[in-house]
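# A look at the structure
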Amino acid sequence: MSIQKLMIRKGFAIVLSIIICLVVSVPAHAGLPLDTVKAYSDKVLEVLRDPSLKGESTKKVRKERLRTISEKMFDFTELSKRTLAQNWSKFNPGQQQEFVTLYTSLLEDAYSDKILSYTNEKIVFSKEVALTEKTVEVQSTVVRKTTEIPIYYRVILKDGAWRVYDVVVEGVSLTNNYRSQFREILANKQPESLLETLRKKVGGAGHSSGPASEPSQKKP
Amino acid sequence: MKTVKTQTVALLFLIGLTFLQPVALRAEETVPIPNASAQAQMQPANDAPATPGSLSEKSSPPTSVDTSVTTSVDHQKPVQEQEPKASGEAATGETLTPAAQEVVENSDVAVDEGSSIADPFAPTNKLMFEINDRLYFWVLKPVTKAYVHIPEDFRIIFSSVYDNLKAPARMLNNLMQLRMERAGNELVRFLINSVVGIGGIGDIARDSFGIKKQDADFGQTLGHYGIDHGFYIVLPLLGPSSLRDGIGRVGDYFMHPLTYVPHEDLSWQASLGILAHEYVNDASFRIGDYESFKESAIDPYIAMRDAFVQNRKKIVEESRH
């Protein structure tokens, strides 16, 4: 009885694994999503820990390296589309393109300083969870001295490569967060107005490197 | 018991203040604009153009980045006849044509994955957001920058001690959520860290026994049993919260051991000092986080509110697994 059961189970397992192989075989050549994200993350850490790139003077070089990595790591068009959601169609192709460029710069400007300040953090990649047929969530944890921060990368398979289209930090999705902000602007203004806002933000942010961009200027 | 009373009164007063303020403000507004009260209840809708407005109006001259952005938005905003308002700055947020409001409402429903929250007190919340923002740059940041000179190892010890004091609250909340294993872990952690770790100066339970912290709070417990946020509220110093999570904070306060130390042993001044130190000590590990958040945001108020809702949603969802 128990052997029979075991055989059935074994048979079932074989059938299941064949099905899984068939289903998974398509993205298989693209590498596993987790490995892909981890490889990019390792590249970033390499830049951060490169002894020849220490000190303030090399900050520009490091930022440039980060940019090179992020351009491969992220699918900024997908990220932009998902951020604007149904508002994406309100933009004409030219505007869409400009939006992607500006939004990319905004994100790079805003986060590269932050990323560059990390050095001692350990990043643990734990697992990947399939979201849809072509999207997967890669789950990681950044271990800081007093806390652990869960960071999930959502990746999409396009042209044989997995690329990030959303980052979820402690449950906060980047695209959702920006969507809520852009929605307020687009609710009663034209796409051009949002682009103008972004142009100013990106242009202005470029001048101020460091934390002294805001009311902190009003030091006594 | 006396201690508990004075502390409670002080705490309730603080919370009461934040709750009463908006009510009083709204009462004033309902008089001049007949529509205002109805609008005020229609949640995020009424803060579409409001935040840029309130931001730019209050930031002083040399702010380079944000002012330019916000004012440009400001010019295009439909300017309504402003009735003389007693509530000054905060009230400016309330102006929005009904048509624009409809659009906002519609898109709200269409897109979101449930990360919205009622914000009937948006004007006061925005004011409080601004106050917290100023407090950060003018007080907390300079203080923390000086405090950071204390070696990190010491700061981590402080952090562990404060965290250990929150273990009972974590245990009780896990228990209330019927997450028994987690509750047990917290109990064991509290015992190990308090006794072997001498009052929690190190996380020995984690480092030597591999028992990790199992976060839980009373706001989460309320959410676990299906209680919704109610509405959004920005607390002084503590930042984003909601009716539910504000009540959660009060609940957690009563699960904190220091709440039950008699007045003779710990004066309220000392308690406040401890709270302040914990606040600064915590902040010393996060210097720069707020700046980069602000730099990344197009509309910091909305960005913060949305992040709060998304984060709390995740925390509540996790408690149901």
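The shown structure was predicted, so the numbers you read here are calculated from the model rather than taken from an experiment. (Residues numbered from 1 in each chain as written. Chains lettered and ligands numbered in written order. Predicted model: local features only at pLDDT ≥ 70, side-chain atom pairs only at ≥ 80, totals over all residues. Heavy atoms only, no water.)

### Concerning the overall build of chain A
What counts is decided by this rule: For the purposes of this entry, the term helix denotes a DSSP run of H or I that reaches at least four residues, the term strand denotes a run of E that reaches at least two, and both are numbered from the N terminus. Only protein chains enter the area calculation, which uses a 1.4 Å probe; residues under 20% of their type maximum are buried, those over 50% are exposed, and those in between are partly exposed. By the convention used here, residues are in contact when the closest approach between their heavy atoms is within 4.5 Å. In short, Shrake-Rupley with a 1.4 Å probe defines the accessible areas, and a residue's cover is counted only from the protein chains shown.
Summing up its helical and strand segments, chain A has seven helices and five strands in all. When the 220 residues of chain A are sorted by exposure, 47% land in the buried category. Sequence separation of at least 24 residues holds for 53% of the intrachain contacts in chain A that already meet a minimum separation of 6. Entry remark: accessible area of chain A is about 11,900 Å², with carbon and sulfur atoms responsible for 60%.

### Focus: unusual backbone geometry
The backbone of Asp159 of chain A shows a phi angle near 50 degrees, a positive value even though the residue is not glycine. The phi torsion at Leu178 of chain B lies on the positive side, around 60 degrees, for a residue other than glycine. Here Leu178 of chain B is to be found in the loop between helix 8 (167-176) and helix 9 (180-195).

### Some remarks on the pairing of strand 2 (residues 135-143) of chain A
Residue and element names in this part refer to chain A. The following threshold applies: A pair of strands is considered paired only if DSSP assigns at least 2 bridges between the two.
Burial analysis of strand 2 places eight of its nine residues in the buried class, the great majority of the element. Inspection of the sheet shows strand 1 (residues 122-130) paired to strand 2 by eight bridges, in the antiparallel sense. Pairing of Lys122 across the sheet is with Val143, part of strand 2. The hairpin formed by strand 1 and strand 2 contains four residues between the paired strands. Here nine bridges tie strand 2 to strand 3 (residues 148-158), and the two strands are oriented antiparallel to one another. Bridge pairing in strand 3 places Ser140 opposite Ile151. Where strand 2 folds back onto strand 3 in an antiparallel hairpin, the turn is made up of four residues.

### A few points about the nonpolar core
Here is the rule we go by: The term nonpolar core refers to a set of buried residues drawn from Ala, Val, Leu, Ile, Met, Phe, Trp, Tyr and Cys, joined through side-chain atoms within 4.5 Å.
In this structure, Phe99, Tyr153, Phe182 and Leu194 of chain A are the most contacted members of the largest nonpolar core, which totals 46 residues. Not counting residues up to four positions away in its chain, the partners in contact with Tyr153 of chain A are Val37, Met73, Phe125, Val136, Glu137, Val138, Ser140, Val164, Asp166 and Val167 of chain A. The next biggest cluster of nonpolar side chains, apart from the first, holds 21 residues, and it includes Ala122, Tyr147, Val280 and Ala297 of chain B.

### A word on the packing of helix 7 (residues 152-165) of chain B against helix 13 (residues 268-283) of chain B
Residues and elements named next belong to chain B. Keep this limit in mind: Axis geometry follows a simple rule: fit a line to the C-alpha atoms, using only the stretch in contact for helices, then measure angles between N-to-C directions, giving values from 0 to 180 degrees. Roughly parallel means an angle under 35 degrees; roughly antiparallel, over 145; roughly perpendicular, 65 to 115; everything else is oblique. Note on convention: the crossing is left-handed when the near helix lies turned anticlockwise from the far helix by less than a right angle, right-handed when the turn is clockwise.
At a closest axis distance of 10 Å, the pairing of helix 7 and helix 13 adopts a crossing angle of 125 degrees. Viewed along their axes, helix 7 and helix 13 adopt a mutual orientation that is oblique. Judged by the twist between their axes, the crossing of helix 7 over helix 13 is left-handed. Note on element contacts: helix 13 touches helix 7 through Ile274, His277, Glu278 and Asn281, opposite Arg155, Phe158, Ser159 and Tyr162.

### Some words on the packing of aromatic side chains
All names here are of chain B. The criterion, for reference: The pairing test for Phe, Tyr and Trp rings, Trp by its six-membered ring, is centres within 6.5 Å, and the orientation test on the planes gives stacked under 30 degrees, edge-to-face over 60, and tilted for anything in between.
Taken as a whole and assessed by the stated rule, the structure comprises 17 aromatic pairs over all chains. Look at Phe121 and Phe231: their rings are 5.1 Å apart centre to centre, the planes differ by 85 degrees, and that puts the pair in the edge-to-face class. Residue Phe121 is located in the loop between helix 5 (98-111) and helix 6 (122-147), and its partner Phe231 is located in the loop between helix 11 (218-224) and strand 1 (232-235); the two are separated by 110 residues in the primary sequence. Owing to a relative accessible area of 9%, Phe121 belongs among the buried residues under this scheme.

### Things to note about the packing of helix 14 (residues 289-296) of chain B against helix 15 (residues 300-319) of chain B
Residue and element names in this part refer to chain B. Direction vectors running N to C along helix 14 and helix 15 enclose 115 degrees, while the axes themselves pass 9 Å from each other. Classified by the angle their axes make, helix 14 and helix 15 are roughly perpendicular. Note on packing geometry: the crossing formed by helix 14 with helix 15 is right-handed. Together, Tyr290, Phe293 and Lys294 of helix 14 and Pro300, Ala303 and Met304 of helix 15 make up the contact between the two elements.

### Details of the side chain of His224 of chain B
Residues and elements named next belong to chain B. We count it as follows: Pairs of N or O atoms are called polar contacts if they sit within 3.5 Å, as long as, within protein, a hydrogen donor faces a hydrogen acceptor (for residues adjacent in sequence, only side-chain-to-side-chain pairs).
Examined against the element boundaries, His224 turns out to sit in helix 11. According to the relative accessible area criterion, His224 is buried, its value standing at 16%. Here the side chain of His224 touches Ser319 through a polar contact of 2.8 Å, side chain to side chain. Apart from the residues within four sequence positions on either side, His224 is in contact with Gln177, Val316, Ser319 and Arg320.

### Notes on the confidence of the model for chain B
Residues and elements named next belong to chain B. Selection criterion: pLDDT expresses how confident the predictor is about each individual residue, on a scale running from 0 to 100.
Per-residue pLDDT for chain B averages 74, and the proportion of residues at 70 or more is 64%. Per-residue pLDDT stays below 50 along residues 11-114; that stretch engages in 160 contacts with residues further than four places along the chain or on separate chains. For this predicted complex, the interface score ipTM comes out at 0.77, alongside a pTM of 0.71.

### Re the pattern of salt bridges
Residues and elements named next belong to chain B. Note the threshold: Just to be clear on terms, a salt bridge is a Lys or Arg side-chain nitrogen sitting within 4 Å of an Asp or Glu carboxyl oxygen.
Per the counting criterion, the structure on display carries 35 salt bridges over all chains. The closest approach of N and O atoms between Asp163 and Arg170, which form a salt bridge, is 3.5 Å. Where Arg170 meets Glu186, a salt bridge forms, and the shortest distance between an N and an O atom there is 3.1 Å. With Arg170 in helix 8 and Glu186 in helix 9, the pair connects residues that are 16 residues apart, well separated along the chain.

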